[in-house]
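# Summary of the model geometry
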Amino acid sequence: INTYFTNPACLNQSASNIFIQPTPFDAVELIKLTLTYSPKPVDILVLGTMTNIAAAITQDRSIVAKIGTLYFSGV
């Protein structure tokens, strides 16, 4: 995942700032990759439903240990 974020060849070459490009990963895959490859726990801010977090955990239980603080907002 670090290669994706730092390699302009993986992104739209016409953009002036590669870090504002959309990710090719869906939300669940991005959550799993971020948590899997992070060297330390990751704090997560959830502004909607928690279905993507739940799906990521269901698919890969090993990522639970990498979740730091889970912040969520709801109505």
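Residues numbered from 1 in each chain as written. Predicted model: local features only at pLDDT ≥ 70, side-chain atom pairs only at ≥ 80, totals over all residues. Heavy atoms only, no water.

## With respect to the overall build of the protein
When its secondary structure is counted, the protein shows three helices and two strands. Going residue by residue from the N terminus, the α and β elements of the protein occur as α-α-β-α-β. Within the span of the protein, comprising 75 residues, buried residues form 20% of the whole. Taking as baseline every contact in the protein between residues at least 6 positions apart, the subset at least 24 positions apart corresponds to 60%. Carbon and sulfur atoms provide 59% of the accessible area of the protein, an area that totals close to 5400 Å². (Helix = DSSP H or I, 4+ residues; strand = E, 2+ residues; numbered from the N terminus. Buried < 20%, exposed > 50% of the residue type's maximum accessible area, 1.4 Å probe, protein only. Contact = heavy atoms within 4.5 Å. Areas by Shrake-Rupley, 256 points an atom, 1.4 Å probe, with all protein chains shown as cover.)

## Some details on the nonpolar core
Val28, Ile31, Leu35, Val42, Ile44, Val46, Ile53, Ala56, Ile57, Ile63 and Ile67 together form the largest nonpolar core, which totals 11 residues. Going through the elements one at a time, α2 (27-37), β1 (42-46) and α3 (51-59) are the ones with two or more residues in this core. (Core = buried A, V, L, I, M, F, W, Y, C linked by side-chain atoms within 4.5 Å.)

## Concerning the side chain of serine 38
Within the secondary structure, serine 38 is located in the loop between α2 and β1. Using a relative accessible area of 12% as the deciding quantity, one classes serine 38 as buried. Polar side-chain contacts of serine 38 include one of 2.5 Å to the backbone oxygen of lysine 40. (Polar contact = N/O pair within 3.5 Å; in protein donor to acceptor, adjacent residues only side chain to side chain.)

## Quick look at a nonpolar patch on the surface
A grouping of Leu45, Leu47 and Tyr71 is seen on the molecular surface, where their side chains present a nonpolar patch of about 370 Å² in accessible area. Residue position: leucine 47 is located in the loop between β1 and α3. (Patch = residues over 30% accessible without salt bridge, like charges linked within 9 Å, V, L, I, M, F, W, Y side chains within 5 Å. Salt bridge = Lys/Arg side-chain N within 4 Å of Asp/Glu carboxyl O.)

## Regarding the pairing of strand β2 (residues 67-72)
Here β1 runs beside β2; their pairing, made up of four bridges, is parallel. Bridge pairing in β2 links leucine 45 to tyrosine 71. In terms of handedness, the path from β1 via α3 over to β2 forms a crossover that is right-handed. (Pairing = 2+ DSSP bridges. Right-handed = clockwise from strand over helix to strand, strands pointing away.)

## Quick word on the packing of α2 against α3
Contact pair α2 / α3: the axes reach a minimum separation of 9 Å and the direction vectors enclose 60°. Overall, the two elements α2 and α3 adopt an arrangement that is oblique. Helix-helix and strand crossings are classified by hand; for α2 and α3 the assignment is right-handed. Only Asn52, Ile53, Ala55, Ala56 and Gln59 of α3 make contact with α2, whose side of the interface consists of Ala27, Val28, Ile31 and Lys32. For the contact of α2 with α3, a count of residues per class yields six nonpolar, two polar and one charged. (Axes fitted to C-alpha atoms, helices over the stretch in contact; angles between N-to-C directions. Parallel < 35°, antiparallel > 145°, perpendicular 65-115°, else oblique. Left-handed = near helix turned anticlockwise from the far one by under 90°. Nonpolar A, V, L, I, M, F, W, Y, C, P; charged D, E, K, R; others polar.)

Geometric descriptors of this kind do not, in isolation, establish any biological role.
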